[in-house]
Amino acid sequence: MKNAHERFGELVYLRRTEKTRTHIRVHLSAWVGEDSKAHLVSVVGGDTEIGALAAAFANNDPFTTIDPEGVERIVSLGRHPPAFAVPLM
């Protein structure tokens with residue numbers, strides 16, 4: 001049985017434009033998908049990170065998932081993904 005923090009993976013979003021660079025890294029609690037297509041992404045982060053990721057998902061931008069064993073995949077959610085944000089109290 002692993003400690004809770006060792007069961008989380010990471011989701012990394014990186015976007016570069018001429019004038020700006022966006023780099024977001026959040027904890028990934030669950031990911032369901034195949035190859036480069038994600039069906040479900042569950043992350044834990046602050047309001048700023050979640051808002052930026054929601055915009056990236058809506059733009060069909062690719063992101064990197066890293067599972068707890070260190071395996072990396074570049075995936076996206078496809079066009080017009082549904083998004084749900086659940087605040088933790």
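Residues numbered from 1 in each chain as written. Predicted model: local features only at pLDDT ≥ 70, side-chain atom pairs only at ≥ 80, totals over all residues. Heavy atoms only, no water.

Quick word on helix α2 (residues 47–58)
Since there are 3.6 residues in each turn of an α-helix, residues three or four apart along the chain are aligned in direction. Between the first and last C-alpha of α2 there are 16 Å, a value that for 12 residues agrees with the 16 Å anticipated at 1.5 Å per step. Among the residues making up α2, those that are buried are Leu53, Ala56 and Phe57. Mapping the buried residues of α2 onto a view down its axis gives an arc of 95°, with all of them on the same face. Residues Asp47, Thr48 and Ala58 are exposed on α2 and point more than 90 degrees away from its buried face. Tucked into the core, α2 has its buried residues touching β1 (9–16), β2 (21–34), β3 (37–44) and β4 (63–66). Immediately beyond the C-terminal end of α2, within one or two residues, lies asparagine 60, with a positive phi of roughly 60°. (Helix = DSSP H or I, 4+ residues; strand = E, 2+ residues; numbered from the N terminus. Expected span 1.5 Å × (residues − 1). Buried < 20%, exposed > 50% of the residue type's maximum accessible area, 1.4 Å probe, protein only. Arc of directions from axis to C-beta. Contact = heavy atoms within 4.5 Å.)

Focus: the sheet that holds β2
An order of β3-β2-β1-β4-β5 is seen for the five strands of this open sheet, with the pairing classed as antiparallel. Only two strands of the sheet have a single neighbouring strand rather than two, namely β3 and β5 (72–75). Here the average twist between neighbouring strands, direction ignored, is 40°. Here β4 pairs with β5 via four bridges, running antiparallel. If you follow threonine 64 over to β5, its bridge partner there is isoleucine 74. The strands touched by α2 are β1, β2, β3 and β4; relative to β2, the strand with the most contacts, the crossing angle is about 70°. (Pairing = 2+ DSSP bridges. Axes fitted to C-alpha atoms, helices over the stretch in contact; angles between N-to-C directions.)

Section: unusual backbone geometry
Phi is positive for aspartate 35, close to 50°, though the residue is something other than glycine. Its location among the elements puts aspartate 35 in the loop between β2 and β3. Even without glycine at this site, asparagine 60 takes up a positive phi of about 60°. Summarising the element assignment, asparagine 60 is placed in the loop between α2 and β4. Residue asparagine 60 is classed as partly exposed on the basis of its relative accessible area of 32%.

Points about the pattern of salt bridges
One pass over the structure, following the stated rule, counts one salt bridge. A salt bridge links glutamate 10 to arginine 25; its shortest N-O distance comes to 2.4 Å. You can see glutamate 10 sitting in strand β1 and its partner arginine 25 sitting in strand β2, a full 15 residues away along the chain. Residue classification places glutamate 10 among the partly exposed residues on the basis of a relative accessible area of 28%. (Salt bridge = Lys/Arg side-chain N within 4 Å of Asp/Glu carboxyl O.)

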